[in-house]
Amino acid sequence: MLHRRHFLAGATISGLAAPAILRAQGYLRDYPFQLGVAAGDPASDGFVIWTRLAPEPLALHGGMPRVNVPVEWEVASDGGFRNIVAKGTELARPELAHSVHVELSGLQPNRPYYYRFTAAGERSLRGRARTLPAIGARVDAIKFGVAGCQHFEAGYFGAYRHLAKEDLAFVYHYGDFIYEYSSDYVFVDGLPSRPVRKHAFRSLTDVNEFRLAYAQQLTDIDLQAARSVHAFLSSIDDHEIVNDWVSDIANWKMGLDGNDPDAAPPEVFMLKKQAAMQAWYEHMPVRRALLPRGGMVALNRELQVGDLLSMQLLDTRQYRDDQPCGDGFKPACPDVFAKNAQVLGAAQEKWLADQMKKGGAVWNGLAQQITMMSLDRQRDMDDKRKILNLDSWAAYEAPRERMLQRMAGLGNCVVLTGDEHQNFCGDLVLKDKVVGAEFVATSISSGGDGSDKRAGTDQWLSRNPELKFANDQRGYVICDVNRDAWQSHFRVVDKVSTPTNQISTRATGLVERDLTGIKMVEG
Ligand SMILES: [Fe+2]
């Protein structure tokens, strides 16, 4: 009878075997929702809600039995769950680390919703996320966040607690959600110091190890707080797999200078990438269309905010040619000017061109990873040689120029970038004409406490007239967009070496619709 009763309790799940339910209930050694909840990929009629069952986050398989487990979900229009507008049951499968991705639709546009999960007799944290305004609807203003680069060992994620308190439509996460390596020492003021906290691994190779990295990252309560109140638009950069990878090439290894003869050959790298991308998918609130296939993830996609903003999320890693000139920070070699070089790859570039041509929105946002301005990184004023960051658009002049030409034809493009672990912004210039604006968001923790200016910053600014601002503190960017102007607020925390910190607005970059260049308001 016991079997029968449990079977009926779970009978809404077609094909679920009774013993599976029995094993799941009462067999979890601890609270299964320790990794929190999240929402993502918002649209005007819904978003994705996510959780993962992991009663022992750092144990193999998160401490879960190797069976399917039903997870009930509810969505309400009020925080007290008196008015439930959608509910259902989803199977958490061991093949996907007992993660659950529910794609909601049929919700009302431009309003907050609340969601929660129940499994094995336990209930999750309450999550909140907003739907976007209706497609084509007139929208006067939108505010959203930009964040990424969160090295667990480099600092605490206090910036995320401040981000959670901001009133935002969504957060664009440009990547480096995890870092793939561990360090015994970090250098502060040139002296060896201990990381503020330690990874539970030294390096990552298979899917269980990548899962461990995400699980440990998500035990951070500040990160959970931000994910529980804002819908995230998730992308990837390099450290989800290995520093500076592109395409099927893992040609750079931390701590070694230049090409690493021990780096995985392409076919082996793609196996590792498949494991990394599976674990990424399992922990991100993204749509099923982003489930990796053959190691590839369909990351490029569009987000539309009424008639105010069309934002294209770009993938600058999977289809890019190898970094020219051996990567790193060096003077340009002839390969920088190769006519057939690719950053986005032909298919994505065509998709982007079509999206941008479509028009209809007041602003075009390009949300991506690597810096698009071709900046001279030389900080020694006596050295006249221009130094490029070869892991940026500056190392791929032909596709960069095609991109700037496309932007010149539109006159409303703002580029959002990460990867650099510093705040800066500047004008995108083609043949002495400003064709766009670029805002580079700093890191949540990567790089440690930092300071207002790195050594040589004033020289760096003077060598690059298009560069309007630079700062080396941690934090995030808030984009405050209306029909006349786009403001990006550089929100910085005083330190990340302590669990709590103070936030302030270091500066604001303002772009008006005439796109005559960024104006800075320093805070
Ligand atoms: Fe990073």
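Residues numbered from 1 in each chain as written. Predicted model: local features only at pLDDT ≥ 70, side-chain atom pairs only at ≥ 80, totals over all residues. Heavy atoms only, no water.

A. Layout of the packing of aromatic side chains. The full count for this structure, using the stated rule, is 15 aromatic pairs. Taken together, a centroid distance of 5.7 Å and an interplanar angle of 75° make the contact between W363 and W486 edge-to-face. Separated by 123 residues along the polypeptide, W363 in strand β17 (residues 363-367) and W486 in strand β24 (residues 485-493) bring together distant segments of the chain. A relative accessible area of 0% places W363 in the buried class. The buried category is assigned to W486, whose relative accessible area is 0%. Aromatic pair F424 and W460: ring centres 5.2 Å apart, planes at 85°, arrangement edge-to-face. Of this pair, F424 sits in strand β20 (residues 423-430) while W460 sits in helix α9 (residues 457-463), placing them 36 residues apart in sequence. Taken as a pair, F424 and W460 share a single burial class, namely buried. Put simply, the rings of F144, F170, W363 and W486 touch in pairs and so form one group of aromatic residues. Lying over the aromatic face of F81, R116 brings its terminal NZ or CZ to 3.9 Å of the ring centre. Positioned above the aromatic ring of W460 is the side chain of R379, whose terminal nitrogen or guanidinium carbon lies 4.7 Å from the ring centre. (Phe/Tyr/Trp six-rings, centres within 6.5 Å; stacked < 30°, edge-to-face > 60°. Helix = DSSP H or I, 4+ residues; strand = E, 2+ residues; numbered from the N terminus. Buried < 20%, exposed > 50% of the residue type's maximum accessible area, 1.4 Å probe, protein only. Lys NZ or Arg CZ within 6 Å of the ring centre and 35° of its normal.)

B. Quick look at the layout of surface pockets. There is about 1200 Å³ of room inside the largest pocket. When grouped by side-chain class, the residues that make up the lining of the largest pocket number 14 nonpolar, 14 polar and 14 charged. (1 Å grid on protein atoms, 1.4 Å probe; cavity = no way out; pocket = protein on both sides within 12 Å on 5 of 7 lines; lining within 4 Å. Points joined across faces, edges and corners; volume = space filled by probe spheres on them. Nonpolar A, V, L, I, M, F, W, Y, C, P; charged D, E, K, R; others polar.)

C. Examining the side chain of R227 more closely. With respect to the helices and strands, R227 occurs in helix α5 (residues 221-229). Of the side chains bearing the opposite charge, E240 lies closest to the buried R227, which forms no salt bridge; the N-O distance is 9.9 Å. A polar side-chain atom of R227 sits 2.8 Å from the main-chain carbonyl oxygen of H283. Excluding residues within four positions of it along the chain, R227 makes contact with V37, A38, A39, W50, Y115, F177, L218, F232, H283, M284 and P285. (Lys, Arg positive; Asp, Glu negative; His and termini not counted. Salt bridge = Lys/Arg side-chain N within 4 Å of Asp/Glu carboxyl O. Polar contact = N/O pair within 3.5 Å; in protein donor to acceptor, adjacent residues only side chain to side chain. Contact = heavy atoms within 4.5 Å.)

D. Molecular detail of empty space enclosed by the protein. What the rule picks out here adds up to one cavity of 30 Å³ or more. Taken as a whole, the largest cavity holds about 30 Å³ of empty space. If you trace the largest cavity, you find it lined by E302, S310, Q312, Q355, M356, K358, G359, A361 and N364. Looking at the lining of the largest cavity, the elements that each hand over two or more residues are β15 (309-313) and α7 (346-358). Top contributing element to the lining of the largest cavity by residue count: α7, with three residues.

E. Geometry of the domain arrangement of the protein. Entries for the protein in the domain assignment read domain 1 (2-129) and domain 2 (142-522). Put simply, the middle of domain 1 and the middle of domain 2, counted by C-alpha atoms, are 31 Å apart. With 33 residues of domain 1 at the interface, the matching set in domain 2 holds 28 residues. Between domain 1 and domain 2, the buried area comes to about 2500 Å², and carbon and sulfur atoms account for 52% of it. Connecting domain 1 to domain 2 are four salt bridges. We note a salt bridge from D41 to R301, for which the minimum N-O separation is 2.9 Å. (Domains from an automatic or database assignment. Buried area = accessible area lost by both parts, 1.4 Å probe.)

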